[in-house]
Amino acid sequence: MKKIEAFIRHEALEAIHDKLATMGLPSMSVTEVKGSGRQKGFTESYRGAKTTIFLRPKLKLEMVLDDTDVDRAIDAILELAHTGEPGDGKIFVFAVEESIRVRTGERGDVVLAPHPEETAA
């Protein structure tokens, strides 16, 4: 299992989520974050005082996937988050040692799939 953390622009979220969902990878957590990278800050004037803002708003997507799905997910994020401009974001991939479904106590890769009770209609 691997964990993907992707920092993206806000406007890319919907397209990325939709594409991953159609690929069978709908599970993710999204957090609003601020950060700085190579993208420069910008200067604003507020009541006559100039302020430089270095921390830019981004979204952090987090998802834990089976090793076989990682490259497909990364390719989808790259395709839809890329504008060619500074500030497109970053993607990091981490190894996941263990996963546990809190409700049932199940462990391992089975946690990544929906529980049988959740798929029954």
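Conventions and cut-offs
- Residues numbered from 1 in each chain as written.
- Predicted model: local features only at pLDDT ≥ 70, side-chain atom pairs only at ≥ 80, totals over all residues.
- Heavy atoms only, no water.
- Pairing = 2+ DSSP bridges.
- Helix = DSSP H or I, 4+ residues; strand = E, 2+ residues; numbered from the N terminus.
- Contact = heavy atoms within 4.5 Å.
- Axes fitted to C-alpha atoms, helices over the stretch in contact; angles between N-to-C directions.

**Focus on the pairing of strand E1 (residues 2-8)**
Then, number 1: Two strands pair when backbone bridges link them, and E1 and strand E5 (residues 56-65) are joined in this way by seven bridges, in the antiparallel orientation. The partner of Lys3 across the bridge, within E5, is Val64.
Then, number 2: Here E1 pairs with strand E6 (residues 90-95) via six bridges, running antiparallel. For Ile4, the partnering residue across the bridge sits in E6 and is Val93.

**Details of the environment of Gly108**
Then, number 1: Within the secondary structure layout, Gly108 lies in the loop between E6 and helix H3 (116-119).
Then, number 2: A sequence separation of ten residues divides Gly108 from Glu98, and the C-alpha atoms of the two residues are 6.0 Å apart.
Then, number 3: Not counting residues up to four positions away in its chain, the partners in contact with Gly108 are Met1, Glu98 and Ser99.

**A few points about the sheet that holds E6**
Then, number 1: As summarised here, the arrangement of the four strands in space is E2-E5-E1-E6, forming an open sheet in which the pairing is antiparallel. For this open sheet the edge positions go to strand E2 (29-35) and E6, each flanked by a neighbour on one side alone. Going across the sheet, the axis of each strand differs from the next one's by a mean of 25 degrees, ignoring polarity.
Then, number 2: Against the sheet, helix H1 (residues 13-22) makes contact with E1, E2 and E5, and its axis sits at roughly 10 degrees relative to E5, the strand it touches most.
Then, number 3: Of the strands in this sheet, E1, E5 and E6 are in contact with helix H2 (residues 70-81), which crosses E1 at around 5 degrees.

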